[in-house]
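Architecture at a glance
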Amino acid sequence: FDENGQFKIMIFADIQDNRDIEESTLQLIRETLDKYPPDLVIFLGDNSVDRELDGYRQSVESFTLPCRERNIPHAFVFGNHDTEMDATPEELLAIYREFGSLTYDADPDIYGCGNCNLPILSSDGNKTAFNLWLFDSGSAHPDKSIGGYDCVRADQVNWYKTTAAKLKEENNGE
């Protein structure tokens, strides 16, 4: 949080571009970051539709560049199309991490990849004032009777509850 107790998160969702990212997309990101400078950017998945790992890397490098040029921290969650290529989610997470993403895989034993929490410090930097939670909601649900898209699973919810309780205890009950 800043000195006024404010913390601004900017969301970009469904960029759905490839290694030859549209200049208009990058211009939109740049202009938006400049006009409304955030403290954190979250890319909400389906950012790259490139199906080759090198192309995926180039795409992530391109659309995160405006954040990196402005020293704005960024993170991401996977969308339903991100894993529709011949690469593991862990490989894709490594690409995002290569370009400065704060997203990490807090517990590889639970469903999905990139489930994590990002602590946001108080204005004075002395304590965690807020936790931002990121979850991988999957791609296609294996049970077709559910209706296609996947969802956050019970083990992810249990991880959240356990981790939140531990963080609350560590943060003097807050």
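As shown above, the structure is provided for reference.
Here goes a summary of the coordinates provided. Model, not experiment: these values are computed from the prediction. (Residues numbered from 1 in each chain as written. Predicted model: local features only at pLDDT ≥ 70, side-chain atom pairs only at ≥ 80, totals over all residues. Heavy atoms only, no water.)

1. Focus on the environment of Phe78
The residue Phe78 is located in the loop between strand S3 (74–76) and helix H3 (89–98) in this model. It is 16 Å that separates the C-alpha atoms of Phe78 and Asp107, two residues lying 29 residues apart in sequence. The contacts of Phe78, once residues within four sequence positions are left out, are Gly45, Tyr56, Pro89, Leu92, Leu93, Cys113 and Asp136. (Helix = DSSP H or I, 4+ residues; strand = E, 2+ residues; numbered from the N terminus. Contact = heavy atoms within 4.5 Å.)

2. Description of the sheet that holds strand S2 (residues 40–43)
The three strands lie next to each other as S1-S2-S3, forming an open sheet whose pairing is parallel. Of all strands in the sheet, those with a lone pairing partner are strand S1 (9–12) and S3, marking the two edges. Taken over all neighbouring pairs, the strand axes of this sheet differ in orientation by 25° on average, direction set aside. In the sheet, S1 pairs with S2 via four bridges, with the strands oriented parallel. Within S2, the position partnered with Met10 by the bridge is Val41. Across the sheet, helix H2 (residues 53–69) lies against S2 and S3, angled at about 170° from S2, the strand it touches most. (Pairing = 2+ DSSP bridges. Axes fitted to C-alpha atoms, helices over the stretch in contact; angles between N-to-C directions.)

3. Examining the pairing of strand S4 (residues 116–121)
Of the pairings in the sheet, the one linking S4 to strand S5 (residues 128–134) comprises six bridges and is antiparallel in character. Within S5, the position partnered with Leu121 by the bridge is Thr128. Here S4 folds back onto S5 in antiparallel fashion, the turn holding six residues, of which Gly125 has a positive phi close to 75°.

4. Overview of the nonpolar core
Ranked by internal contacts, the top residues of the largest apolar core, which has 24 residues, are Phe12, Leu33, Val41, Phe43, Tyr56, Val60 and Phe63. Secondary structure elements with two or more residues in this core: S1, helix H1 (23–35), S2, H2 and H3. Core analysis: the next-biggest nonpolar cluster, separate from the first, contains eight residues, Ile42, Ala75, Leu118 and Leu134 among them. (Core = buried A, V, L, I, M, F, W, Y, C linked by side-chain atoms within 4.5 Å. Buried < 20%, exposed > 50% of the residue type's maximum accessible area, 1.4 Å probe, protein only.)

5. A look at the packing of H1 against H2
One way to put it is that H1 packs onto H2 with a least axis distance of 9 Å and a crossing angle of 20°. By the angle class used here, H1 and H2 are roughly parallel. Every pair of crossing elements has a handedness; the one defined by H1 and H2 is right-handed. Two secondary-structure elements touch here, H1 through Leu26, Ile29, Arg30 and Leu33 and H2 through Ser62, Phe63, Pro66 and Cys67. Class assignment of the residues belonging to the contact of H1 with H2 gives a composition of six nonpolar, one polar and one charged. (Parallel < 35°, antiparallel > 145°, perpendicular 65-115°, else oblique. Left-handed = near helix turned anticlockwise from the far one by under 90°. Nonpolar A, V, L, I, M, F, W, Y, C, P; charged D, E, K, R; others polar.)

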